[in-house]
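Structure assessment
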Amino acid sequence: MDPRNSDFIQLVKWTREQLGVSIPEAHDRIFLDEEVRRLVAARINRDPECRKLALYDIRSHGDQSRFIRDGDRIIFRRNDGQRNV
């Protein structure tokens, strides 16, 4: 596994522990950071495992997914990285 993938997993775990939140809530908090969104967006379109997870999110959550397909790319649906609820 690419260490950067495990770094993100560790960030989610740390956020959950520190704030006492669920995984989706941890993602919401993490994606509030513009720099993190930029890095994640780049990884989604470069790393097959990250792309697979983003496509799963699109399939699972439909219009409420935080991602959309834009041609061959996957991008955040909203500029703030939050789910479309």
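Anything mentioned here points back to the structure above.
Summary of the structure given here. (Residues numbered from 1 in each chain as written. Predicted model: local features only at pLDDT ≥ 70, side-chain atom pairs only at ≥ 80, totals over all residues. Heavy atoms only, no water.)

Mapped onto the secondary structure, Ser65 falls in the loop between helix H4 (48–61) and strand S1 (67–70). In contact with Ser65, other than residues within four places in its own chain, are Asp57, Ile58, Arg77, Arg83 and Asn84. (Helix = DSSP H or I, 4+ residues; strand = E, 2+ residues; numbered from the N terminus. Contact = heavy atoms within 4.5 Å.)

In this model helix H3 (residues 34–46) runs 19 Å from its N-terminal to its C-terminal C-alpha over 13 residues, within 8% of the 18 Å that 1.5 Å per residue would give. Here H3 has its buried residues at Arg37, Val40, Ala41, Arg43 and Ile44. Taken end-on, H3 shows its buried residues confined to a sector of 165°, consistent with a single buried face. If you check the start of H3, you find a side-chain oxygen 2.9 Å away from the backbone N of Glu35, and it comes from Asp33. (Expected span 1.5 Å × (residues − 1). Buried < 20%, exposed > 50% of the residue type's maximum accessible area, 1.4 Å probe, protein only. Arc of directions from axis to C-beta. Polar contact = N/O pair within 3.5 Å; in protein donor to acceptor, adjacent residues only side chain to side chain.)

What follows is about the pairing of S1. Pairing analysis gives four bridges linking S1 to strand S2 (residues 73–76), with the strands arranged antiparallel. In the sheet register, Phe67 faces S2, and the bridge partner there is Phe76. Counting the residues in the hairpin turn of S1 and S2 gives two residues, including Gly71, whose phi is positive at 70°. (Pairing = 2+ DSSP bridges.)

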